[in-house]
Amino acid sequence: MVISRRNFIDHTLLLIVIAISGIPYFTTSALLLPVAFILLMFFYMRNKKIDRVFYLLIVFLIIITVLQTFVFNFISLQTTVGLFLRILIGYLVIKLLSERFTDYYVNILYFFSI
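Residues numbered from 1 in each chain as written. Predicted model: local features only at pLDDT ≥ 70, side-chain atom pairs only at ≥ 80, totals over all residues. Heavy atoms only, no water.

Q: Got a minute to help me understand the overall build of the protein chain in this structure?
A: Looking only at helices and strands, the protein chain has five helices and zero strands in total. If one aligns the C-alpha atoms of the protein chain with their principal axes, the spans along those axes are about 55 × 30 × 20 Å. Expressed as a percentage of its 114 residues, the buried residues of the protein chain come to 29%. Counted over contacts in the protein chain with a minimum sequence separation of 6, partners at least 24 positions apart contribute 78%. Element-wise, carbon and sulfur atoms account for 73% of the exposed surface of the protein chain, whose accessible area totals about 8,300 Å². The distance from the centre of the 9 positive side-chain charges to the centre of the 4 negative ones in the protein chain is 8 Å. (Helix = DSSP H or I, 4+ residues; strand = E, 2+ residues; numbered from the N terminus. Buried < 20%, exposed > 50% of the residue type's maximum accessible area, 1.4 Å probe, protein only. Contact = heavy atoms within 4.5 Å. Areas by Shrake-Rupley, 256 points an atom, 1.4 Å probe, with all protein chains shown as cover. Lys, Arg positive; Asp, Glu negative; His and termini not counted. Charge placed at Lys NZ, Arg CZ, Asp CG, Glu CD.)

If you want it as structure tokens, here you go:
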């Protein structure tokens, strides 16, 4: 079975998202920034564009964060940045993989379930 380089990279990107979203070792904030930077590089190398809906989602989350800061008189910068980076990473991977996302996701879950 021959695996192309792009398929390998796409599977690896999705595996990173799965790891960041659920494996405690990978949920540390130290890994989020480098992963987001690498994904942004892939995003722009493949000439993808960020949707307007994503910008609206980020604005909505910023408004919620500001309101939460006013209500509780406290802001956790690490938690806030971590939230935005996780959302950015998930969005970038889904946008990069587009229609192949579900196929790759099922392949990875099937592989690890056996």
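Q: Even after reading the chapter, I still don't get the packing of helix 3 (residues 52–72) against helix 4 (residues 77–97), so can you show me in this structure?
A: When two helices pack together, you describe them by how their axes are tilted relative to each other and by the distance separating the axes. At their nearest, the axes of helix 3 and helix 4 sit 12 Å apart, and the two run at 165° to each other. One way to sum up the angle between helix 3 and helix 4 is to call them roughly antiparallel. Relative to helix 4, helix 3 is oriented so that their crossing is right-handed. Between helix 3 and helix 4, the residues in contact are Phe-54, Leu-57, Ile-58, Leu-61, Ile-62 and Thr-65 and Thr-80, Phe-84, Ile-87, Leu-88 and Tyr-91, respectively. Taken together, the residues that form the contact of helix 3 with helix 4 break down as nine nonpolar, two polar and no charged. (Axes fitted to C-alpha atoms, helices over the stretch in contact; angles between N-to-C directions. Parallel < 35°, antiparallel > 145°, perpendicular 65-115°, else oblique. Left-handed = near helix turned anticlockwise from the far one by under 90°. Nonpolar A, V, L, I, M, F, W, Y, C, P; charged D, E, K, R; others polar.)

Q: Would you explain the nonpolar core in this entry?
A: Generally speaking, nonpolar side chains in soluble globular proteins are found buried as a group. Grouped together as the largest cluster of nonpolar side chains are 26 residues, with contacts concentrated most on Leu-13, Leu-14, Leu-39, Ile-89 and Val-93. At the level of elements, helix 1 (5–22), helix 2 (29–45), helix 3, helix 4 and helix 5 (101–113) are the ones that each hand at least two residues to this core. In terms of residues, this core owes the most to one element, helix 4, which gives nine residues. Excluding anything up to four places from it in sequence, Leu-14 contacts Val-93, Leu-97, Phe-101, Tyr-104, Tyr-105 and Ile-108. (Core = buried A, V, L, I, M, F, W, Y, C linked by side-chain atoms within 4.5 Å.)

Q: Quick question: what am I supposed to make of the side chain of Thr-65 here?
A: Mapped onto the fold, Thr-65 is located in helix 3. If sequence neighbours within four positions are ignored, Thr-65 has contacts with Ile-75, Thr-80 and Phe-84.

Q: Could you clarify how one ought to interpret the environment of Arg-6 in this entry?
A: Within the element layout of this structure, Arg-6 appears in helix 1. Through-space distance from the C-alpha of Arg-6 to that of Ile-16 is 15 Å; in sequence the pair is 10 residues apart. Those residues in contact with Arg-6 that sit more than four places away from it in its chain are Arg-46 and Arg-100.

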